[in-house]
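The residues making up each chain are set out below.
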Amino acid sequence: STVCGFSDNYYLPRYGYGTQLFNYINCEPNQINNLALSGRSSLSFLTEGNYTTLKNSIKEGDYLIIGFGHNDEKSDEPARYTDPTKSYTDDSTVNGPSFQYTLYQNYVKLATDKGATPILCTPIVRYDENGAYTGTKVHNTDKGDYAAAIRTLGQATGTTVVDLTEITKEEYKKDNAAAAKYHAHTTYKLNGETKTPDGRDDTHINMYGAKMVAYRFAKSILASDCSLKANIITNSAASTADDY
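Residues numbered from 1 in each chain as written. Predicted model: local features only at pLDDT ≥ 70, side-chain atom pairs only at ≥ 80, totals over all residues. Heavy atoms only, no water.

Caption draft 1: Representation of the layout of surface pockets within the structure. Considered as a void within the structure, the largest pocket measures approximately 990 Å³ in volume. Forming the boundary of the largest pocket are 40 residues, of which Ile32, Asn33, Tyr63, Leu64 and Ile65 lie nearest the centre. Listed by contribution, the elements that provide at least two residues to the lining of the largest pocket are helix H1 (49-57) and strand E1 (63-67). The element contributing the most residues to the lining of the largest pocket is E1, with five residues. Counted by class, the lining of the largest pocket contains 22 nonpolar, 15 polar and three charged residues. (1 Å grid on protein atoms, 1.4 Å probe; cavity = no way out; pocket = protein on both sides within 12 Å on 5 of 7 lines; lining within 4 Å. Points joined across faces, edges and corners; volume = space filled by probe spheres on them. Helix = DSSP H or I, 4+ residues; strand = E, 2+ residues; numbered from the N terminus. Nonpolar A, V, L, I, M, F, W, Y, C, P; charged D, E, K, R; others polar.)

Caption draft 2: Up close: the packing of helix H2 (residues 99-113) against helix H3 (residues 146-157). Remark: H2 packs on H3, axes separated minimally by 9 Å, with the N-to-C direction vectors making an angle of 45 degrees. Relative to H3, the element H2 lies oblique. Here H2 runs over H3; the crossing is right-handed. Only Tyr146, Ala149, Ile150, Thr152, Leu153 and Thr157 of H3 make contact with H2, whose side of the interface consists of Phe99, Gln100, Leu103 and Tyr104. Here the residues of the contact of H2 with H3 sort into seven nonpolar, three polar and no charged. (Axes fitted to C-alpha atoms, helices over the stretch in contact; angles between N-to-C directions. Parallel < 35°, antiparallel > 145°, perpendicular 65-115°, else oblique. Left-handed = near helix turned anticlockwise from the far one by under 90°. Contact = heavy atoms within 4.5 Å.)

Caption draft 3: Focus on the sheet that holds E1. Spatially, three strands are ordered E1-E2-E5 in an open sheet, and the strand pairing comes out parallel. Looking at strand neighbours, the two that pair on one side only are E1 and strand E5 (160-162), the edges of this open sheet. Each neighbouring strand pair of the sheet contributes to a mean axis angle of 25 degrees, computed without reference to strand direction. In terms of strand pairing, strand E2 (residues 117-121) meets E5 through three bridges, oriented parallel. From the neighbouring strand, cysteine 121 faces E5, where its bridge partner is valine 162. Packed onto the sheet, helix H6 (residues 207-222) meets E1, E2 and E5 and runs at close to 145 degrees relative to E5. (Pairing = 2+ DSSP bridges.)

Shown next, in the form of structure tokens:
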């Protein structure tokens, strides 16, 4: 859901960062096929029509940006839960299938087998009003560390990893109060004629946040060996408070 598009009536609506990538990649907006859906894990997404579309349409020369983690952590929901401690070669399903195996077999290998280039993204942080950014705020749960599992998978398979967990953690810790402005808010408080956002959504970002994450994604690709770097707009500007 932190990648997908939304159509809601929030005061500051939700925007996944996938909706803003076109600002930083040299392409037409319709060349980015954002198949992400809200609430899905790397496992539950496999049952969706959008996954069938992915399997049937991905082709040589494409780039597949893979962003899962938030919903894979739902250990009380077998349809969504994956185990972050198992390796990418572990196909066992006892106590939940492997997060790495699910990502590799159904996304990374799918892309490479079709001649496309996979890019793994660790999940963005959840907003922490205390500014600590530890534990589940950075996807390190009592079942294991999901961001670390993605990093390990990338290293083991030679797949580019954009570490959005560390990137957003770094960004938020610069000024945690200001970072709240990156997030969706359901409503507002009215003080005279002044509206102050209220009902902060700690998981989902707004347009301002989506542009920030998409910009940082692009900068990370520029610093990598991924061939997508040739298509990154090198002189693009970071989002500013005017986007808020």
